[in-house]
Amino acid sequence: MRQLKERNRCNRSVRHLKIQGKIWLKNLKSGLDQIRESQVRGTRKNFLHDGSFHEAVAPVLAVAQCFCLMPVSGIGAPTYRGLSFSRRSWRFWYSSLYLCSTSVDLAFSIRRVAHSVLDVRSVEPIVFHVSILIASWQFLNLAQLWPGLMRHWAAVERRLPGYSCCLQRARPARRLKLVAFVLLAVSLMEHLLSIISVVYYDFCPRRKDPVESYLHGTSAQLFEVFPYSNWLAWLGKIQNVLLTFGWSYMDIFLMMLGMGLSEMLARLNRSLEQQVRQPMPEAYWTWSRTLYRSIVELIREVDDAVSGIMLISF
């Protein structure tokens, strides 16, 4: 009898485990089905790059537009033909509003310096605001020239020797994005560390609330005219973030242009290295010389378009 009871108990345990196992497998299968349905299947388009500078620089320009710079439309278009500039677009008015707010902030900074002791520390905000104001105006002018500039750039790219594989076509875009976003991340880290430094050593003793003390210190030029309010303090901080981004973005943007132009010269150089020891016809060297001159002319056009930004960057 005891053995029969133990056998029945074992059978019940086995049946219970089988039922629980079926339930667990059913739940697992339904979960996997949900994950499989939520995933988007990759297509051939996801793994292709055309190797163009327009495609490579699009994410960097998208970040700039979030901070009121480069108000050109169509940066996410597949080709340069989708680029356009319009004074009726929200991007243009967004950038114009930023220029107006920067001008007003500059006026308050000048007023503060006029009513205080004139030294290097007091003049620094004026130099900072004037530099960003000029650079922002230059970016607005560059946005008008950008569609035509990319049209010329694409025309030169089409004449260059092609890439040998998909990995080579994808390399310029990945390299450019990596450098840009690493530099943006480092700039953000530097800004956060400067905030920590200011909070602990400069502004905090001025007021009881450390956040209020920091906001009051970063927008002191406003609160010499208006009484302190949180909404005005946060507007001043947003303006400060936009100005700080523009200060860093100038250098990054010029580096992206330099990387794109150097890649064109590198492609021509690789072609010459492959053919230099082979008996090539005169037409090949004529084509190479003409292509080199085309790249030089593009470099001059880019230089003319960004000379103002380059001057402020230096």
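Residues numbered from 1 in each chain as written. Predicted model: local features only at pLDDT ≥ 70, side-chain atom pairs only at ≥ 80, totals over all residues. Heavy atoms only, no water.

In plain terms, the rule: UniProt positions are given in the numbering used here, feature names are shortened, and annotations may be inferred rather than shown by experiment.
In the nomenclature of an unreviewed UniProt entry, the chain corresponds to Gustatory receptor for trehalose from the organism Drosophila simulans. The Sequence similarities (unreviewed entry) comment attached to the chain in UniProt states, word for word, "Belongs to the insect chemoreceptor superfamily. Gustatory receptor (GR) family. Gr5a subfamily." A UniProt comment under Subcellular location (unreviewed entry) is attached to the chain, and it reads "Cell membrane".

Structural notes on helix α9 (residues 282-313)
The test is simple: The numbering of helices and of strands both runs from the N terminus, where a helix is a DSSP run of H or I of at least 4 residues and a strand a run of E of at least 2. Expected helix span is computed as 1.5 Å times (number of residues minus one). A residue's bend is simply the angle between two axes: one fitted to the seven residues ending at it, one to the seven starting at it. A 1.4 Å probe rolled over the protein chains alone gives each residue an accessible area, and that area as a share of the maximum for its type sets the label: buried under 20%, exposed over 50%, partly exposed in between. Note on contacts: a residue pair qualifies if any of its non-hydrogen atoms lie within 4.5 Å across the two residues.
Taking 1.5 Å per residue as the helical rise, α9 with its 32 residues ought to reach 46 Å, and the 43 Å between its terminal C-alpha atoms agrees with that figure. Considering bend angle alone, the principal kink of α9 is centred on valine 306 and spans about 60°. Every buried residue belonging to α9 is among Tyr284, Ser288, Leu291, Ser294, Ile295, Val296, Leu298, Val302, Ala305, Val306, Gly308 and Ile309, and all of these are buried. Contact partners of the buried residues in α9: α4 (120-159) and α8 (230-275).

A look at the nonpolar core
Quick reminder of the rule: Definition used in this section: a nonpolar core is a set of buried Ala, Val, Leu, Ile, Met, Phe, Trp, Tyr and Cys residues joined via side-chain atoms within 4.5 Å.
If you look at the biggest cluster of nonpolar residues, it comprises 51 residues, and the most contacted ones within it are Phe139, Leu142, Trp146, Trp153, Tyr249 and Phe253. Every element with two or more residues in this core is listed here: α2 (53-66), α4, α5 (166-203), α8 and α9. For this core, the leading source of residues is α8, giving 14 residues. Ignoring sequence-local partners within four residues, the contact set of leucine 142 consists of Met70, Phe253, Ala305, Val306 and Ile309.

A closer look at the pattern of salt bridges
Opposite charge on two side chains lets them pair, provided their charged atoms get close. Under the convention used in this document: Whenever Lys or Arg places a side-chain nitrogen within 4 Å of a carboxyl oxygen from Asp or Glu, that contact is recorded as a salt bridge.
Applying the stated criterion across every chain yields a total of two salt bridges. Arginine 270 is the salt-bridge partner of glutamate 263, the closest N and O atoms lying 3.3 Å from each other. Taking relative accessible area as the criterion, glutamate 263 reaches 13% and is therefore assigned buried. Given a relative accessible area of 27%, arginine 270 falls into the partly exposed group.

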